[in-house]
Amino acid sequence: MRKDHKTFRVAALTASLAMAAVLAAPVSAEDSIGLYWKAAPTTTAWVNPYGECWQGQDGEKLAPCGEPTFVPHAPLVMRLLFEINRYQLQDIRNPEELRKLDALIAEFQSTPREEVVSIVGHTDKLGSLQLNQTLSENRAETIKNYMIDHGYPAADIREVKGMAWEGGNDVAADGSIIDLGPLENNPLRRRVVVTELGPDQLKQYQ
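From a predicted model like this one, the values you see are computed outputs, not experimental measurements. (Residues numbered from 1 in each chain as written. Predicted model: local features only at pLDDT ≥ 70, side-chain atom pairs only at ≥ 80, totals over all residues. Heavy atoms only, no water.)

(A) Just the overall build of the chain, in detail. Check the secondary structure of the chain and you find 5 helices and 8 strands. Burial analysis of the chain (206 residues in total) assigns 35% to the buried set. Put simply, 61% of the contacts in the chain that link residues at least 6 apart link residues at least 24 apart. Summed over all atoms, the accessible surface of the chain reaches about 12,500 Å², with 55% contributed by carbon and sulfur. (Helix = DSSP H or I, 4+ residues; strand = E, 2+ residues; numbered from the N terminus. Buried < 20%, exposed > 50% of the residue type's maximum accessible area, 1.4 Å probe, protein only. Contact = heavy atoms within 4.5 Å. Areas by Shrake-Rupley, 256 points an atom, 1.4 Å probe, with all protein chains shown as cover.)

(B) Representation of the side chain of Arg189. By the element assignment, Arg189 lies in the loop between β7 (177-178) and β8 (191-196). Although buried, Arg189 forms no salt bridge, and the nearest oppositely charged side chain, Asp179, lies 4.3 Å from it. Discounting residues that sit within four places of it in the chain, Arg189 has contacts with Arg79, His122, Thr123, Asp124, Gly168, Asn169, Asp179, Leu180, Gly181, Pro182 and Leu183. (Lys, Arg positive; Asp, Glu negative; His and termini not counted. Salt bridge = Lys/Arg side-chain N within 4 Å of Asp/Glu carboxyl O.)

(C) Inspection of the pattern of salt bridges at higher detail. Applying the stated criterion across every chain yields a total of 9 salt bridges. Note that Lys161 is salt-bridged to Glu159, the shortest N-O span being 3.8 Å. In this structure, Asp170 engages Arg191 in a salt bridge whose closest nitrogen and oxygen atoms are separated by 2.7 Å. One end of the pair, Asp170, is in strand β6 (residues 170-171); the other, Arg191, is in strand β8, and 21 residues separate them in sequence. You'll find Asp170 and Arg191 in the same group, each marked buried. Among the ionic contacts, a cluster of salt bridges with common partners joins Arg79, Asp170 and Arg191.

(D) Region of the structure containing the nonpolar core. Met78, Leu101, Ile143, Met147 and Val194 are the most contacted members of the largest nonpolar core, which has 20 residues in total. Every element with two or more residues in this core is listed here: β3 (76-78), α3 (98-109), β4 (117-122), α4 (129-149) and β8. The leading source of residues in this core is α3, at 5 residues. Discounting residues that sit within four places of it in the chain, Ile143 has contacts with Met78, Leu80, Leu98, Leu101, Ile119, Val192 and Val194. (Core = buried A, V, L, I, M, F, W, Y, C linked by side-chain atoms within 4.5 Å.)

(E) Structural context of the packing of aromatic side chains. Following the criterion strictly, the structure yields 1 aromatic pair and no others. With 6.2 Å between their ring centres and 50° between their planes, Phe108 and Tyr152 make a pair best called tilted. Separated by 44 residues along the polypeptide, Phe108 in helix α3 and Tyr152 in the loop between α4 and β5 (157-163) bring together distant segments of the chain. The exposure class of Phe108 is buried, given its relative accessible area of 7%. (Phe/Tyr/Trp six-rings, centres within 6.5 Å; stacked < 30°, edge-to-face > 60°.)

(F) Examining the pairing of β4 more closely. Counting buried positions along β4 gives 6 out of 6 residues, so the element sits mostly inside the fold. The side-chain alternation of β4 yields two buried faces, one formed by Val117, Ile119 and Gly121 and the other by Ser118, Val120 and His122. By the bridge criterion, 6 bridges tie β4 to β5 in an arrangement that is parallel. Note on β5: the bridge partner recorded for Gly121 is Gly162. This β-α-β element, β4 to α4 to β5, shows right-handed connectivity. (Pairing = 2+ DSSP bridges. Right-handed = clockwise from strand over helix to strand, strands pointing away.)

(G) Molecular detail of α4. Between its first and last C-alpha, α4 extends 30 Å over 21 residues, near the 30 Å set by a 1.5 Å rise per residue. Among the residues of α4, those classed as buried are Asn132, Leu135, Ser136, Arg139, Ala140, Thr142, Ile143, Tyr146 and Met147. Seen along its axis, α4 keeps its buried residues to an arc of 150°; they face one direction. Turned more than 90 degrees away from the buried face of α4 sit Gln130 and Asp149, all of them exposed. Buried residues belonging to α4 abut β3, α3, β4, β5 and β8. Once α4 ends, the next one or two residues include Gly151, with phi positive near 95°. (Expected span 1.5 Å × (residues − 1). Arc of directions from axis to C-beta.)

Next up, the structure:
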């Protein structure tokens, strides 16, 4: 679980001061609880050392008391310039683009959450559909092997596929669609995309 230590410290300090004020007043235990939550900010929420969830009187499920909201990493789009009809690592003319993937792997490895991803290779409409479908699949497989070789768990790569021609547009970090332009001979459509899968998406693999 990720923790916002600064928020916890502020919440704990606020709660301590509020509780001190409550204890100083000659009131019943039931009234003390009511006064405590009246004094505590409605955004107060944390788990005490006994595993009990403490949160504001408004009853809102605040983290870490409630279920954490899943916020996926923005899809990683790599404009890998493979040689024509090639798909091996040594066929990439701009290998510096892989540094983006290195950074993503390092970020995923540094978090306690298990990130499960899909890898999709895309091509434009230059060449036959059958050729491009195989090519896009092979390029996605190359990136899968690269990730595994760099320490990414193979089990966390749930889907590897290719999409030729009608491969769709890109999705921005805010979820909006990025129009990549025409299908025919368009370098922007030649790409490999690594996407973190959320709980709803993972249900189809269960």
